[in-house]
Amino acid sequence: INTAALQGAYVLDVTSNDGGEELVGTFRLDGNGNVESEVTSGDQTTGFILLDGLTYVQNPTDGSWIFYQEGSAAAPTLNVDELALSDDDINEISNDETIEELGEQDCSVGTCLVYRDTDEEEMQVALVKVEKSTGRLVEVEITSTDTDEKTTVMYSYPDSVEITAPEGATEFVVPSFDTGQ
C-alpha cells in the first residue's frame, strides 16, 4: 500500500450506520495540514475546518460559523493522522497473519487488489481495496460481525484541494471573569 499518496491532497468520503444512526461525511485534506469536513447525521449537517492554525466550526442549527484562535483550549480538535493509514498501520497489517488476499477485482478506479482481515476479538471484518497500478488505497469497508453495522471509507486523490475560510465567521472568545483580586 502506497501511503505516500496520503501525504498530498486527498478526499475521504465516509458512510456509516454505526450505532444505528446513518452518517455521511466528506473529509478534504490539502496535504499541508489543513482539513475541511462536512458530516451529516440525521437531518443535521456540521462543518469543521482546520486552516492555517485556526479552527472553524459550523453550528448545525443555523449554519453560522465560529472560529477559534490557534492554541485555544476551547477549540475542538481533529487528529488528521487518524483519518488515514500510517506506515506503522501498514506494517502492522502486513505482519497480520489473519489477512486474506482475495485477488484482483473491478473497483471504482479500474482494477484493485482486495484483502480481507477478520478480527474475532473486535468482531469486525475489514475489506480493503488497493489500486493495482499505483498501490493507493481506494476503499476500506469495516463490518461488525455481530450487528451488521458498516462503515465505508472511499479515497480519492485530486491534483489539489483548496480549503478556504468560511465567510462571516465570528471569533469564539472565552469571557474573562474579574475576581476582584
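Above this note sits the structure.
As a starting point, this report considers the structure included with it. Remember, it's a predicted structure, so these values are computed and weren't measured experimentally.

Reading the values: the criteria
Residues numbered from 1 in each chain as written. Predicted model: local features only at pLDDT ≥ 70, side-chain atom pairs only at ≥ 80, totals over all residues. Heavy atoms only, no water. Helix = DSSP H or I, 4+ residues; strand = E, 2+ residues; numbered from the N terminus. Buried < 20%, exposed > 50% of the residue type's maximum accessible area, 1.4 Å probe, protein only. Contact = heavy atoms within 4.5 Å. Patch = residues over 30% accessible without salt bridge, like charges linked within 9 Å, V, L, I, M, F, W, Y side chains within 5 Å. Areas by Shrake-Rupley, 256 points an atom, 1.4 Å probe, with all protein chains shown as cover. Salt bridge = Lys/Arg side-chain N within 4 Å of Asp/Glu carboxyl O. Lys, Arg positive; Asp, Glu negative; His and termini not counted. Charge placed at Lys NZ, Arg CZ, Asp CG, Glu CD. Pairing = 2+ DSSP bridges. Disulfide = S-S within 2.5 Å. Phe/Tyr/Trp six-rings, centres within 6.5 Å; stacked < 30°, edge-to-face > 60°.

## Remarks on the side chain of glutamine 58
Right, so step 1: The topology assignment puts glutamine 58 in strand 5 (residues 54–58).
Right, so step 2: Take glutamine 58: its relative accessible area is 16%, and that puts it in the buried class.
Right, so step 3: Sequence-distant contacts of glutamine 58, defined by excluding residues within four places in its chain, comprise Thr45, Thr46, Gly47, Gly63, Ser64 and Trp65.

## A few points about unusual backbone geometry
Right, so step 1: At aspartate 52, a residue that is not glycine, the phi angle is positive and equals roughly 50°.
Right, so step 2: Note on placement: aspartate 52 falls in the loop between strand 4 (44–51) and strand 5.
Right, so step 3: Classification of aspartate 52 by relative accessible area gives exposed; the value is 64%.
Right, so step 4: Even without a glycine there, the phi angle at methionine 123 is positive, about 55°.

## A few points about a negative patch on the surface
Right, so step 1: Together, Asp119, Glu120, Glu121 and Glu122 line one region of the surface with negative charge.
Right, so step 2: In this fold, aspartate 119 is placed in strand 8 (residues 110–119).

## Things to note about the pairing of strand 6 (residues 65–68)
Right, so step 1: The pairing of strand 5 with strand 6 spans four bridges and is classified as antiparallel. Within strand 6, the position partnered with valine 57 by the bridge is isoleucine 66.
Right, so step 2: Between the end of strand 5 and the start of strand 6, which pair antiparallel, lie six residues, with glycine 63 showing a positive phi angle near 80°.
Right, so step 3: Where strand 6 meets strand 12 (residues 170–171), two bridges bridge the pair, whose relative direction is parallel. Looking at the pairing, phenylalanine 67 lines up with glutamate 171 of strand 12.

## Let's talk about the environment of glycine 47
Right, so step 1: With respect to the helices and strands, glycine 47 occurs in strand 4.
Right, so step 2: Judged by its relative accessible area of 2%, glycine 47 is buried.
Right, so step 3: Not counting residues within four places of it along the chain, the set of residues in contact with glycine 47 comprises Ser37, Glu38, Tyr56, Val57, Gln58 and Trp65.

## Overview of the sheet that holds strand 10 (residues 137–144)
Right, so step 1: Taken in spatial order, the 12 strands line up as 7-8-9-10-11-1-2-3-4-5-6-12 in an open sheet, and their pairing is mixed. Lying at the two open borders of the sheet, with one neighbouring strand each, are strand 7 (99–107) and strand 12.

## A few points about the state of the cysteines
Right, so step 1: Per the counting criterion, the structure on display carries one disulfide.
Right, so step 2: Each disulfide pairs two cysteine sulfurs, and for cysteine 107 the partner residue is cysteine 112, the sulfurs being separated by 2.0 Å. Because the sign of the S-S torsion sets the handedness, a value of about 70° for the bond joining cysteine 107 and cysteine 112 places this disulfide among the right-handed ones.

## Regarding the side chain of threonine 152
Right, so step 1: In this fold, threonine 152 is placed in strand 11 (residues 150–156).
Right, so step 2: Under the relative-accessibility criterion, threonine 152 is labelled buried at 12%.
Right, so step 3: If we ignore the near neighbours within four places in the chain, the residues touching threonine 152 are Asp13, Val14, Thr15, Glu139, Val140 and Glu141.

## What about the packing of aromatic side chains?
Right, so step 1: Tallied over the full model, the rule gives three aromatic pairs.
Right, so step 2: Judged by centre distance (6.5 Å) and plane angle (40°), the rings of tyrosine 10 and tyrosine 157 are tilted. With tyrosine 10 in strand 1 (residues 10–16) and tyrosine 157 in the loop between strand 11 and strand 12, the pair connects residues that are 147 residues apart, well separated along the chain. Accessibility classification places tyrosine 10 together with tyrosine 157 in one group, the buried group.
Right, so step 3: Each ring, one from tyrosine 56 and one from phenylalanine 67, has its centre 5.8 Å from the other, and the planes form 45°; the classification is tilted. Residue tyrosine 56 is found in strand 5, and its partner phenylalanine 67 is found in strand 6; the two are separated by 11 residues along the sequence.

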